[in-house]
Structure formats: structure tokens, C-alpha cells
Amino acid sequence: STQSTWASTGGSTGGWNSEDHNIFLRLKTQDLPQSKFIEILSKQLPYISESEILQHIQWYDKYKELQQNQKEAVTVWKTEKQCDEANLMLKVEVQKQEERNHEQQKRLQEDRKKQQEFIKKQVKEWKEAKQRHQMQKKKKKKKKKKTLGSKQ
């Protein structure tokens, strides 16, 4: 992990005490040419050798790179987490919609079945009414024949 790498390379101050490192940082933000930076830092911290300053500059560059990598890793992680959450929410919404569609299809099937049963009942009643009507017609014809036959 990044934190264990930082700890193994001197923590957040690169093994320097806080005061010396803060002086280093103040000069570093002035964006001086490296030779001028080393010259000024050597005067302000005469007990630190030029080679130690060069090592600290290398450490600091690596430290900033590690910090940037950590920020990028966190950004990637957050983005992936948001995508995972969005995908989960989408899956839940799709599942809910599928359930609604299933229920709606079930209701439509039930409605169709009721409609078909209603139509069958109507057809049956119509056929029965037609049969009764035809029977009544036949009876009337027979009566008429009997009436006509008895009049003759």
C-alpha cells in the first residue's frame, strides 16, 4: 500500500525533522532552478550535506508521485463504486419493471379469459334463444296446420 511505502521511505518528511522539511518545502514552492535551490537550502541548513539534499529531492519527487498515484487510485475506486451502485440500482429497477410487466401480462391474460368466457356465454345464450325461437316457429306452424287441417 501507499502508506507502507511512505513509512518505509521516511514518512511524510522523508526522514528529515519537520522544521528542516518545512524549510525545504517553502523553497520548493518558489520553483527555483535546482542548483539555486540547493545553494539556498545548503545555506539555511548548513548541517545537511548536498548529497543528502539531492537524496531528499529524489525522495520528495517520488513522494509526490506516490501521492498522485494514491489520489488517482481513490478516484478510480470511487468511480468504480459509483458504477457498481448505479448498476445495482439499475438491476433492481429492471427487476421491478419485469415484475410489473409480468403482473400486467397476468392481468391481461385473466381479462382475455374473462372476455372469452363472456363471449362463449353470449354465444350459448344466443344459440339457445335461436333454438327456442325456431321451436316456437315450428309449434306455430304445426298449430296452423292443425287449425287449417281441422277447418277443412
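Before reading on, note that the structure itself is shown above.
Residues numbered from 1 in each chain as written. Predicted model: local features only at pLDDT ≥ 70, side-chain atom pairs only at ≥ 80, totals over all residues. Heavy atoms only, no water.

A. Seen up close, the overall build of the protein chain. A count of helical and extended segments in the protein chain gives four helices and zero strands. In the protein chain, the succession of helices and strands from N to C terminus is α-α-α-α. In terms of its C-alpha atoms, the protein chain occupies a principal-axis envelope of roughly 155 × 25 × 20 Å. Across the protein chain, every contact between residues at least 6 apart in sequence was considered, and the portion connecting residues at least 24 apart equals 59%. Carbon and sulfur atoms make up 52% of the accessible area of the protein chain, which amounts to about 13200 Å² in all. (Helix = DSSP H or I, 4+ residues; strand = E, 2+ residues; numbered from the N terminus. Contact = heavy atoms within 4.5 Å. Areas by Shrake-Rupley, 256 points an atom, 1.4 Å probe, with all protein chains shown as cover.)

B. Structural context of the pattern of salt bridges. Applying the stated criterion to the full structure yields three salt bridges. Ionic pairing is found between Lys 62 and Glu 65, a salt bridge with its closest N-O pair at 3.9 Å. Highlighted residues: Lys 62 and Glu 65, both in helix α4 (residues 50-151), separated by three residues, approximately one helical turn. Glu 93 serves as the salt-bridge partner of Arg 100, at 3.2 Å between the closest nitrogen and oxygen. Classification of Glu 93 by relative accessible area gives partly exposed; the value is 40%. (Salt bridge = Lys/Arg side-chain N within 4 Å of Asp/Glu carboxyl O. Buried < 20%, exposed > 50% of the residue type's maximum accessible area, 1.4 Å probe, protein only.)

C. Looking closely at the nonpolar core. Among the nonpolar cores identified, the biggest contains 14 residues, and Trp 16, Phe 24, Phe 37, Leu 41, Leu 45, Ile 53 and Ile 57 are the most heavily contacted of them. Elements represented by at least two residues in this core include exactly α2 (18-28), α3 (34-44) and α4. The greatest single-element share of this core, amounting to five residues, is contributed by α4. With near-sequence residues (within four places) excluded, Phe 24 lies in contact with Trp 16, Phe 37, Leu 41, His 56, Ile 57 and Tyr 60. (Core = buried A, V, L, I, M, F, W, Y, C linked by side-chain atoms within 4.5 Å.)

D. The arrangement of the environment of Ile 23 in detail. Positionally, Ile 23 belongs in helix α2. Classification of Ile 23 by relative accessible area gives buried; the value is 16%. Distance in space between the C-alpha atoms of Ile 23 and Leu 41 is 7.8 Å, their sequence separation being 18 residues.

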